[in-house]
Amino acid sequence: MLKALRFLSWPLLVGILLALLIIQHYPQWVGLPRNDVHMRQVPRYSIPQQGPVSYAEAVSHAAPAVVNLYTTKFVNRPVHPLFEDPQFRRFFGDNLPRQRRMESSLGSAVIMSPEGYLLTNNHVVAGADQIVVALKDGRETLARIIGSDPETDLAVLKIDLKDLPAISIGHSDAINIGDVSLAIGNPFGVGQTVTMGIISATGRNQLGLNTYEDFIQTDAAINPGNSGGALIDAYGNLIGINTAILSKSSGSQGIGFAIPIKLALEVMQAIIEHGSVIRGWLGIEVQPLTPELAESFGLEGRPGIVVAGLYRDGPAQKAGLQPGDLILSIDGEPATDGRRSMNQVARTKPGKKTVIEVLRNGKLLKFTAEVGLRAPATVNGESGDS
């Protein structure tokens, strides 16, 4: 009997193990549900290359059109610190001997056309008495300022040289987050330098840098001296003008900003044609519709911007708008963001009739306002209205 049990135990044990294996790998055979997780891993060494091994061709295509700027200005200073003493000035007044001291700064610019028009930042050339342009081919010349726009921090320069290497213009509205970007400029005055990164974000605003902001954010290293230089794509096409960095050490920390070339071209063409940028104005101060405001107005879930104030006798006040109105649209464009709406109004030609749709005390109203001419920027370039 014991021999028989031993003889039968092995087949029984093997059968049980086989049954467990079948249940584990094919549970549907015994009526149990499957819990498969399908993952596909590509074979090692077969990951496709997403970009070129080198960007030398893109750089060689764009770099000749990026120039170094050396600006100088003369500042009157007292010949001796003693002359700054209040007691001394009390006796001798303001008729004190003074000396002129030269201050210099560095920056970059981009040759936009064979005719010699250059784009750079306004803060690079503001107040400069002399602007020296140094080309990559070794030539140097003086530039004159055609015009500037502090509200976008752009300036247009002109040089008179033959055979200028103009850069090719890209499409800043077609870039994507993750695209390769290269910054070309003159950081710290060491000479033309190229850095590489990616497009980190687009449409950055409310940074407090300019009145009109629509920045491209990149982690390509941008340092002092890069301002006014080129941000190019992987093919060497200009997509932005390098402008600013966010840093606690005044050096690159991977957060740089460039003005999209689409905006820069609009400003450049306006400056060349009119000497300045002509912008529309409605005389409205707006604020976002926060959840708290929406609740107080009974407008939860309703997009729009709130009229916080009106300029006396401004176009919006003349049209009939009142503080507290919720602007829903301007000329059919939804008003979901105050800065975007301000940019829309600024692009509108003065004198044009524009339709403003508002919600007031639960009633939908429409007003027609004649867009006015926006006054020049204040000293700090900010006004906060549209």
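Values in this document were obtained by computation on a predicted structure and should not be read as measured data.

1. A word on the sheet that holds strand E10 (residues 215-218)
Each strand in a sheet pairs with its neighbour through backbone hydrogen bonds, running either in the same direction (parallel) or in the opposite one (antiparallel).
For step 1, the next point in the chain: Pairing is antiparallel around the closed barrel formed by six strands, whose spatial order is E8-E9-E10-E13-E12-E11. Averaged over all adjacent pairs, the angle separating strand axes in this sheet is 45 degrees, with direction ignored.
For step 2, the next point in the chain: Relative to strand E13 (residues 256-260), strand E12 (residues 238-245) runs antiparallel, the two sharing five bridges. Of the residues in E13, the one forming a bridge with Ile245 is Gly256.
For step 3, the next point in the chain: Of the strands in this sheet, E12 and E13 touch helix H5 (residues 261-274), which is tilted by about 50 degrees from E13.

2. A short note on the environment of Gly372
For step 1, the next point in the chain: Tracing the chain through its elements places Gly372 in strand E21 (residues 372-373).
For step 2, the next point in the chain: Expressed as a C-alpha distance, the spacing of Gly372 and Ala316, which sit 56 residues apart in the sequence, is 9.5 Å.
For step 3, the next point in the chain: Apart from residues no more than four positions distant in its own chain, Gly372 is found in contact with Arg279, Gly280, Trp281, Pro315 and Pro350.

3. Overview of the pattern of salt bridges
For step 1, the next point in the chain: Scanning all chains against the criterion turns up ten salt bridges.
For step 2, the next point in the chain: Among the ionic pairs, Asp160 bridges to Lys158, the shortest N-O distance being 3.1 Å.
For step 3, the next point in the chain: Notably, a salt bridge pairs Asp325 with Arg360, separated by 2.8 Å at the nearest N-O pair. Taken as a pair, Asp325 in the loop between helix H7 (315-319) and strand E17 (326-330) and Arg360 in strand E19 (residues 353-360) lie far apart in primary sequence, 35 residues in all.
For step 4, the next point in the chain: Taken together, the shared-partner salt bridges in this structure form one network comprising Asp149, Glu151, Arg279 and Arg374.

4. Some details on the confidence of the model for the protein chain
For step 1, the next point in the chain: Summary statistics for the protein chain give a mean pLDDT of 80 and a share of 75% for residues scoring 70 or more.
For step 2, the next point in the chain: Below a pLDDT of 50 lies the segment residues 378-384, which in the model reaches seven contacts outside its immediate sequence neighbourhood of four places, other chains included.

5. Re unusual backbone geometry
For step 1, the next point in the chain: Of note, Asp163 is a non-glycine position whose phi angle comes to about 55 degrees, a positive value.
For step 2, the next point in the chain: Along the polypeptide, Asp163 turns up in the loop between strand E7 (154-158) and strand E8 (180-185).
For step 3, the next point in the chain: Among the residues examined, Asp163 registers a relative accessible area of 75% and is labelled exposed.

6. Re the packing of aromatic side chains
For step 1, the next point in the chain: Enumeration over the complete set of coordinates arrives at two aromatic pairs.
For step 2, the next point in the chain: Pairing Phe215 with Phe257 gives two aromatic rings, centres 5.7 Å apart and planes at 50 degrees, and the pair type is tilted. Of this pair, Phe215 sits in strand E10 while Phe257 sits in strand E13, placing them 42 residues apart in sequence.
For step 3, the next point in the chain: On the basis of relative accessible area, Phe215 is assigned to the buried category, the value being 1%.
For step 4, the next point in the chain: In this structure Phe257 comes out as buried when scored by relative accessible area, which is 4%.

7. Comments concerning the environment of Pro150
For step 1, the next point in the chain: Structurally, Pro150 is set in the loop between strand E6 (144-149) and E7.
For step 2, the next point in the chain: A residue is classified by how much of its surface remains accessible, and Pro150, at 38% relative accessible area, is partly exposed.
For step 3, the next point in the chain: Considering only alpha carbons, one finds Pro150 and Thr211, 61 residues apart in sequence, at a separation of 8.3 Å.

8. Here's the deal with helix H8 (residues 338-346)
For step 1, the next point in the chain: Residues Ser341, Met342, Asn343, Gln344, Val345 and Ala346 constitute the buried set of H8.
For step 2, the next point in the chain: Next to the buried residues of H8 lie strand E14 (280-281), strand E16 (305-310), E17 and strand E18 (333-334).

9. Focus: the pairing of strand E20 (residues 363-370)
For step 1, the next point in the chain: Inspection of the sheet shows E19 paired to E20 by eight bridges, in the antiparallel sense. Bridging from a neighbouring strand, Val355 pairs with Thr368 of E20.
For step 2, the next point in the chain: What sits between E19 and E20 in their antiparallel hairpin is a turn of two residues, with Asn361 showing a positive phi close to 55 degrees.

10. What about the side chain of Thr152?
For step 1, the next point in the chain: If you trace the backbone, Thr152 turns up in the loop between E6 and E7.
For step 2, the next point in the chain: Among the residues examined, Thr152 registers a relative accessible area of 1% and is labelled buried.
For step 3, the next point in the chain: Within the structure, the side chain of Thr152 is placed 2.6 Å from the side chain of Asp149, a separation counted as a polar contact.
For step 4, the next point in the chain: Residues in contact with Thr152, not counting those within four places in the same chain, are Asn210, Tyr212, Ile259, Leu263, Val267 and Arg279.

Reading the values: the criteria
Residues numbered from 1 in each chain as written. Predicted model: local features only at pLDDT ≥ 70, side-chain atom pairs only at ≥ 80, totals over all residues. Heavy atoms only, no water. Pairing = 2+ DSSP bridges. Helix = DSSP H or I, 4+ residues; strand = E, 2+ residues; numbered from the N terminus. Axes fitted to C-alpha atoms, helices over the stretch in contact; angles between N-to-C directions. Contact = heavy atoms within 4.5 Å. Salt bridge = Lys/Arg side-chain N within 4 Å of Asp/Glu carboxyl O. pLDDT = per-residue confidence, 0-100. Buried < 20%, exposed > 50% of the residue type's maximum accessible area, 1.4 Å probe, protein only. Phe/Tyr/Trp six-rings, centres within 6.5 Å; stacked < 30°, edge-to-face > 60°. Polar contact = N/O pair within 3.5 Å; in protein donor to acceptor, adjacent residues only side chain to side chain.

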